[in-house]
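Geometric and topological summary
For reference, the chains in residue letters:
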Amino acid sequence: MDIPDNLKYSSEHEWLAANGKSAKVGITGYAAEQIGDIVFVELPKVGSMVTAGVSFGVIEAVKSVSELFAPVSGKVTAINERVAKEPELVTAAPYGDGWLIEIEMSDAGESAALKDAAGYRDLIAGLQ
Amino acid sequence: MIPFAGWEMPVQYKGLVEEHRAVRSAAGLFDLSHMGEIFITGPGAAAALDYALITAPGKLAVGRAHYSMICDVSGGILDDLIVYRLGDSRYMVVPNASNAAEVSAALSERLAGFDAELDDATMRTSLVAIQGPRAVEILQPFVDVDLSTIRYYSGTEMRACGVPAVLARTGYTGEDGFELFVSWDDALRVWDTLLEGGADRGLIPAGLGARDTLRLEAGMPLYGQELSRETTPFEAGLGRLVSFAKPGDFVGRDALEKAKDHPRKALVGLKLSGPRVARIGYHVYLPAAAEPCGTVTSGTASPTLGFGIAMGYVPADRNAVGGELEVSIRDQRASAQVVPMPFYKRSN
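A quick note: this is a predicted structure, and the numbers were derived from the prediction, not measured.

1. Description of the domain arrangement of chain B
Residue and element names in this part refer to chain B. Partitioning chain B into domains gives domain 1 (2-216) and domain 2 (265-339). Of note, the centres of domain 1 and domain 2, computed from C-alpha atoms alone, are 31 Å apart. When domain 1 packs against domain 2, the two sides together hide about 630 Å² of surface, and 66% of this comes from carbon and sulfur. Contact with domain 2 buries surface across domain 1, with H20, R215 and L216 losing the most and accounting together for 64% of the total. At the junction of domain 1 and domain 2, the tally comes to zero salt bridges.

2. Brief notes about the sheet that holds strand β12 (residues 177-183) of chain B
Sheet strands line up and pair through hydrogen bonds in the backbone, either parallel or antiparallel. All names here are of chain B. If you walk across this open sheet you meet the six strands as β10-β11-β12-β9-β3-β13, and the pairing is mixed. The sheet is open, and its two borders are formed by β10 (155-160) and β13 (203-205), each paired with just one other strand. Pairwise comparison of adjacent strand axes, ignoring direction, gives a mean angle of 25° for this sheet. Bridge analysis of strand β11 (residues 163-168) against β12 gives three bridges, and the strand direction is antiparallel. Each bridged residue has a counterpart across the sheet, and for V166 the counterpart in β12 is F181. Set on the sheet, helix α5 (residues 184-198) makes contact with β3 (27-31), β9 (125-131), β11, β12 and β13; between it and β12 the angle comes to about 145°.

3. Notes on helix α2 (residues 45-52) of chain B
Here α2 of chain B lies mainly inside the structure; six of its eight residues are buried. All of the buried residues in α2 of chain B are A45, A46, A48, L49, D50 and A52 of chain B.

4. Examining the pattern of salt bridges
Residues and elements named next belong to chain B. In this structure the tally under the stated criterion is 24 salt bridges over all chains. The partner of E175 in a salt bridge is R24, with the nearest N and O atoms 2.9 Å apart. Note that E175 is positioned in the loop between β11 and β12 and R24 in helix α1 (residues 16-25), a separation of 151 residues in sequence. You'll find E175 and R24 in the same group, each marked buried.

5. Overview of the interface of chain A and chain B
Taken together, the contact between chain A and chain B spans 11 residues of the former and 16 residues of the latter. When chain A packs against chain B, close to 1,100 Å² is buried across both sides, 52% of that on carbon and sulfur atoms. Looking only at chain A, the three residues that lose the most surface to chain B are E60, V62 and K63 of chain A, adding up to 48% of its buried area. There are five salt bridges connecting chain A and chain B. E60 of chain A is the salt-bridge partner of R279 of chain B, the closest N and O atoms lying 2.5 Å from each other. At the boundary of chain A with chain B, the tally comes to 12 residue pairs in polar contact (both at pLDDT 80 or more). Of all the elements in the fold, those that place two or more residues in the side of chain A that touches chain B are β4 (38-42) and β6 (55-61) of chain A. Across the side of chain A that touches chain B, the residue classes break down as six nonpolar, one polar and four charged.

6. Side note on unusual backbone geometry
A cis amide bond links M341 of chain B with the next residue in sequence, P342 of chain B, at an omega value of 0°. In this structure, R330 of chain B takes a positive phi of about 50° despite not being glycine.

7. What about the side chain of R279 of chain B?
Tracing the sequence through the fold places R279 of chain B in the loop between β14 (266-272) and β15 (283-285). At 3.0 Å, the side chain of R279 of chain B and the backbone oxygen of S64 of chain A are in polar contact.

8. Quick word on the packing of aromatic side chains
To describe a pair of aromatic rings, you give the distance between the ring centres and the angle between the ring planes. Summed over all chains, the structure comprises nine aromatic pairs over all chains. Here W15 of chain A and Y95 of chain A contribute two aromatic rings whose centre-to-centre distance is 6.1 Å and whose plane-to-plane angle is 45°, an arrangement assigned as tilted. One end of the pair, W15 of chain A, is in strand β2 (residues 14-19); the other, Y95 of chain A, is in the loop between α3 (88-92) and β9 (101-105), and 80 residues separate them in sequence. Y95 of chain A shares its class with W15 of chain A; the two are buried. With a centroid separation of 6.3 Å and 35° between ring planes, the pair formed by Y13 of chain B and W191 of chain B is classed as tilted. With Y13 of chain B in the loop between β2 (7-9) and α1 and W191 of chain B in helix α5, this pair connects stretches of sequence that are 178 residues apart. Its relative accessible area of 35% is what places Y13 of chain B among the partly exposed residues. Geometry around W99 of chain A places K24 of chain A over its ring, the cationic atom sitting 4.6 Å from the centre. Between the NZ or CZ atom of K246 of chain B and the centre of the ring of F250 of chain B, over which it lies, the distance is 4.3 Å.

9. Topic: the environment of G197 of chain B
All names here are of chain B. Note that G197 resides in helix α5. Each C-alpha atom of the pair G197 and R85 lies 29 Å from the other, and the pair is 112 residues apart in sequence. Not counting residues up to four positions away in its chain, the partners in contact with G197 are I138 and F142.

10. Some points on the confidence of the model for chain A
On average, chain A scores 94 in pLDDT, and the residues at 70 or more come to 100%. When the elements of chain A are averaged for pLDDT, helix α4 (residues 108-112) of chain A gives the smallest value, 89, and strand β8 (residues 74-79) of chain A the largest, 98.

11. A look at the sheet that holds strand β7 (residues 65-69) of chain A
Residue and element names in this part refer to chain A. Within the open sheet, the three strands sit side by side as β4-β6-β7. Their pairing is antiparallel. The open sheet has two free edges, formed respectively by β4 and β7, since each of these has just one partner strand. Each strand of the sheet is rotated relative to its neighbour by a mean of 25°, with strand direction disregarded.

12. Let's talk about the pairing of strand β18 (residues 324-329) of chain B
Residues and elements named next belong to chain B. Burial runs high along β18: five of the six residues are buried. Relative to β18, β15 runs antiparallel, the two sharing two bridges. When the sheet's bridge partners are listed, Y285 is paired in β18 with E326. Sheet topology note: the β18/strand β19 (residues 332-339) ladder contains six bridges and is antiparallel.

Basis of the calculations
Residues numbered from 1 in each chain as written. Chains lettered and ligands numbered in written order. Predicted model: local features only at pLDDT ≥ 70, side-chain atom pairs only at ≥ 80, totals over all residues. Heavy atoms only, no water. Domains from an automatic or database assignment. Buried area = accessible area lost by both parts, 1.4 Å probe. Salt bridge = Lys/Arg side-chain N within 4 Å of Asp/Glu carboxyl O. Pairing = 2+ DSSP bridges. Helix = DSSP H or I, 4+ residues; strand = E, 2+ residues; numbered from the N terminus. Axes fitted to C-alpha atoms, helices over the stretch in contact; angles between N-to-C directions. Contact = heavy atoms within 4.5 Å. Buried < 20%, exposed > 50% of the residue type's maximum accessible area, 1.4 Å probe, protein only. Polar contact = N/O pair within 3.5 Å; in protein donor to acceptor, adjacent residues only side chain to side chain. Nonpolar A, V, L, I, M, F, W, Y, C, P; charged D, E, K, R; others polar. Phe/Tyr/Trp six-rings, centres within 6.5 Å; stacked < 30°, edge-to-face > 60°. Lys NZ or Arg CZ within 6 Å of the ring centre and 35° of its normal. pLDDT = per-residue confidence, 0-100.

Here is the structure:
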């Protein structure tokens, strides 16, 4: 299971790559595998606000629909337009081309409270 | 693995869409051991089933099968099932796992007064299904009969993969294929034999997930979603099954005769516009209407067709093909057009 060491993780299986106040967000490889064949990703509008722990979009798979929960609060500064056209990117490269949104974080403390790779690994181990 | 009607069932092996595509293009192997198997035997078996079911199993030729239903006295559907006539006075009835015990009990009750006996073999019978365009060539080496002579919707007792079986040309995928009913003790041997024999022809195991998307593309209803006690066969678009012509009474006849021309709702196939997926329980609306007029019973992103498909109930006068409706998906309306079912039909 690919869980990059340089990222932070939420217990809802989103990853966060912080760079100053800006942070890129996506779903983990584990989540992508669990969701299965992704057919559609619904993302918020650029400029909208997201709140930590609250749904900011959905992923539709053949079998199910899954909500996306923001790992941190802030303003959406960019969304990945490519995954709208090629939702399979989320499965193929969850930490790369399959990223979802970029957030300008309003509270740095929220990202500090997320899990590191080891903590996320433990979380998954408990689920299997 | 998930719990399903008291059984532990595989939702997927390699991945739902890969399994779905294998069944459409090559073949898939399904473990359907959860399905019920009820044998009705005796000189009165034909007459008993004519009384118990809405179809006329008494008119089936030996070796043939048909799709049927068991209804209650009010005409509500207790289950949909397949009836196989294995001999003059020997039938096998295959109900859904979730209803097997109830169907068995209802049949027992309805057999009273007929010279027929019921043997519920569900808990000692496995079902292995091989489905897809390459099913014939994969299965052929493991049976003594020429499979090209076996017609669709037939079922015969014979040896297959070295064990006693009921071999049936039936399925729930919209593809050609076979179902092998064998004893629990022999099931693993059959599974392994076919999987190994078909591996180089693209055969892979397929789970419940693919079974659901395949049957939905094929426009086949699922009990608990499209079919229920609150639904008559006419409302489900399966009124052709009801044999009013057969002699004698059958359970539900009076109610079904009355219900025939007064459907309270109609099952329709819907093609969704846009990428969002309509799912079970979502509301259906007439265009721009504030109040819902119906409900989605099954929906998915069709792996074969590449767009969203759904089945649902709408008012009986809104079932015309081409009609425009809307489905509410997370508080937004998606337009949906009534289309003919099946959504997918195999070319051969």
